[in-house]
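Chain by chain, the residues:
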Amino acid sequence: MALKKHIIDLQVVSVEALGERFVLLKCTDPNAPLPPMMPGQFAQLRVDGSKETFLRRPISINFVDAKQNQIWFLVQLVGAGSRALGRLKEGDTLNALLPLGNGFSMPVSAEKKHLLVGGGVGTAPLLYLGAQMNLMGMRPTFLLGARTKDMLLQMEDFQRVGDVYVTTEDGSAGEKGFVTQHSILFKQHFDRISVCGPSPMMKAVAKFARANSVPCEVSLENMMACGLGACLCCVEKTVKGNVCVCTEGPVFDINELTWE
Amino acid sequence: MANLSTSIGALQMKNPVMTASGTFGYGIEFEDVVDLTAIGGIIVKGTTFLPRQGNDYPRMAETPSGMLNCVGLQNKGVQYFCETIYPKIRKIDTQMIVNVSGSSPEDYARCAECIDALEDIHAIELNISCPNVHDGGMAFGVTTEGASSVVRAVRKAYGKTLIVKLSPNVTDIVSIAKAVEAEGADSVSLINTLMGTAIDIEKRKRMLSIGTGGLSGPCVKPVALRMVYQVAKAVNIPVIGLGGIASATDAIEFIMAGASAIEIGTANFLDPAISAKVAQGINDWLDAHNIASVRDIIGVAE
């Protein structure tokens, strides 16, 4: 049963710059409780005010704070659209279509060891995923990768939710190298891995998971227009043929994909 | 409350607002966020006789006030539509119309024949103008002979309202419109997308997997409006206008240019509820100007 989708005029509560390349938007619905949303789902955010940013921008749900009725979006400032989102101010309206797509599978029991692997801005949905696992009495393990220490985001939030291990490419924090080289992977056994990050990183983790027979899900971020399965632009090749990432994903079991 | 009802041949619609093929799925994808019964007609995604995988990713590029796409008619085929989708949509209180495509006149006709058997589908829109497939598609829509051959074959196989969607990628759209009218089309809809491209300058590469795509969105509106005006003056069958419509004002422009109904396409991606808002907006404008019926403004632009 899919969760009901809504178009909501969210109100921006705060805009926090995380270094020079990222912005954390905290928003609320001033008129009603936010609808139920699953970790791994995303929102299509409307970016107005410029002919260059014509379409909505798909942004993953970073966190939902039910008590404060807040939804968080972690935005990497890459193009005109994300930079427009980064210029929002407290009190501004942000039109959102949500929740969209399918979330990550939740663990079947609290005893299971669950590893959440994130790279760059791809760490965003893992915070909400970890927090939902906490509600099940489970403390997940995070393995987070970034180019440098400055690009590790929301570390205090992640540490509150789970056990955090880190790699940086320059060795400025945690172990030097890529997430797939981290020693935790070779010291501990995990029952399931959930991954979100750059495509080469997800493919490397998928390869590790397959080699060790660990169930693994990855979250894709193909370019899309509608977010509702209508435009058929965001397709990924799968064992079932071309499918829309927005409706069949963005989270896929690696066995559904045609990755080598 | 103005009278918004309009007709396309024998097809009666409660209002002139339709959703364009390929931008609104089968309608049901949007039912959480818009009242489907507030829409005059829903043209479901392009359907072919056999399933098609479409083109490779990437299939889209954002452009100023618009977008390019090269989806390439991905769909699960007419049998899947009839068995799996039709039972879910047949009772929705609006006109459900199927967009039909093919790679030869016989192929179009076979697909249309399957749709003809569905009692709650009263019209098809023939896509002879898709710029994103090599076999068929736009190849038929850019010559009067090609367009005529498809419409002739389908007209024999399909007895209900037959709408033919025209390509703007031609030197004289009026001659194509007249040719399909002569073969028995009940209506023409225009325009399909304009062929274009976009380049990623860092990669020195075109952004779409097949190099080119169809341009849509507000950027094409003036071109579409001009073509609707020209065609509406030249043919005696009802015209359906589309191309960049994103507001009630846009819709009224097309109606005044001669369109008996309009389709909303790319704007559905920005606001999935836009079609119902445009229908309401047309009503409000008519009321504010004391005009009793939308039919009173069809083609009134000088």
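Preceding block: the structure.
Residues numbered from 1 in each chain as written. Chains lettered and ligands numbered in written order. Predicted model: local features only at pLDDT ≥ 70, side-chain atom pairs only at ≥ 80, totals over all residues. Heavy atoms only, no water.

Draft legend 1. Highlighting the overall build of chain B. Along chain B, the regular secondary structure elements total nine helices and 16 strands. Computed over its C-alpha atoms, the radius of gyration of chain B comes to 18 Å, within 12% of the 19 Å expected for a compact globule of 302 residues. With respect to the three principal axes, the spread of C-alpha positions in chain B is 55 × 45 × 40 Å. Among the 302 residues that make up chain B, the fraction classed as buried is 60%. Sequence separation of 24 or more characterises 71% of the internal contacts of chain B that already satisfy a separation of 6 or more. Surface exposure of chain B reaches about 11,200 Å², of which carbon and sulfur atoms provide 52%. (Helix = DSSP H or I, 4+ residues; strand = E, 2+ residues; numbered from the N terminus. Rg over C-alpha atoms; globule rule 2.2 N^0.38 Å. Buried < 20%, exposed > 50% of the residue type's maximum accessible area, 1.4 Å probe, protein only. Contact = heavy atoms within 4.5 Å. Areas by Shrake-Rupley, 256 points an atom, 1.4 Å probe, with all protein chains shown as cover.)

Draft legend 2. Highlighting the interface of chain A and chain B. On the chain B side, the residues contacting the 30 residues of chain A number 34 residues. Between chain A and chain B lies a buried interface of about 2,700 Å² when both sides are counted; carbon and sulfur atoms form 60% of it. Our enumeration of links across chain A and chain B arrives at two salt bridges. A salt bridge links K237 of chain A to D56 of chain B; the shortest N-O distance between them is 3.0 Å. At the junction of chain A and chain B, the tally comes to eleven residue pairs in polar contact (both at pLDDT 80 or more). Elements with a contribution of two residues or more to the side of chain A that touches chain B: strand 1 (6-18), strand 14 (235-238) and strand 15 (241-244) of chain A. In the side of chain A that touches chain B, the residues fall into 16 nonpolar, six polar and eight charged. (Buried area = accessible area lost by both parts, 1.4 Å probe. Salt bridge = Lys/Arg side-chain N within 4 Å of Asp/Glu carboxyl O. Polar contact = N/O pair within 3.5 Å; in protein donor to acceptor, adjacent residues only side chain to side chain. Nonpolar A, V, L, I, M, F, W, Y, C, P; charged D, E, K, R; others polar.)

Draft legend 3. Highlighting the pattern of salt bridges. The tally for this structure, following the rule as stated, stands at 16 salt bridges over all chains. The residue D163 of chain A makes a salt bridge to R139 of chain A at a minimum N-O spacing of 3.1 Å. Here D163 of chain A is found in strand 10 (residues 163-168), whereas its partner R139 of chain A is found in the loop between helix 2 (124-135) and strand 9 (141-146), with 24 residues between them in sequence. A salt bridge links R90 of chain B to E119 of chain B, with the nearest nitrogen and oxygen atoms 3.1 Å apart. A residue pair is termed long-range when its members are at least 10 positions apart, and R90 of chain B in the loop between helix 1 (77-89) and strand 7 (95-100) and E119 of chain B in the loop between helix 2 (105-116) and strand 8 (123-127) qualify at 29 residues. Judged by its relative accessible area of 57%, E119 of chain B is exposed. The structure contains a network of salt bridges with shared partners spanning R90, K91, E119 and D120 of chain B.

Draft legend 4. The packing of helix 4 (residues 144-157) of chain B against helix 5 (residues 173-182) of chain B, seen in detail. All names here are of chain B. It is at 9 Å that the axes of helix 4 and helix 5 come closest, and there the two elements cross at 25°. Between helix 4 and helix 5, the crossing angle belongs to the class labelled roughly parallel. Considering only the axes of helix 4 and helix 5, their crossing is right-handed. Facing T144, A147, S148 and V151 of helix 4, the residues of helix 5 in contact are S175, I176, A179 and V180. (Axes fitted to C-alpha atoms, helices over the stretch in contact; angles between N-to-C directions. Parallel < 35°, antiparallel > 145°, perpendicular 65-115°, else oblique. Left-handed = near helix turned anticlockwise from the far one by under 90°.)

Draft legend 5. A look at the sheet that holds strand 14 (residues 213-216) of chain B. Residues and elements named next belong to chain B. Across the sheet, four strands lie side by side as 5-6-14-11; this open sheet has antiparallel pairing. Of all the strands in the sheet, the pair left with one neighbour each is strand 5 (60-63) and strand 11 (194-196). This sheet shows a mean twist of 35° between the axes of neighbouring strands, independent of strand direction. (Pairing = 2+ DSSP bridges.)

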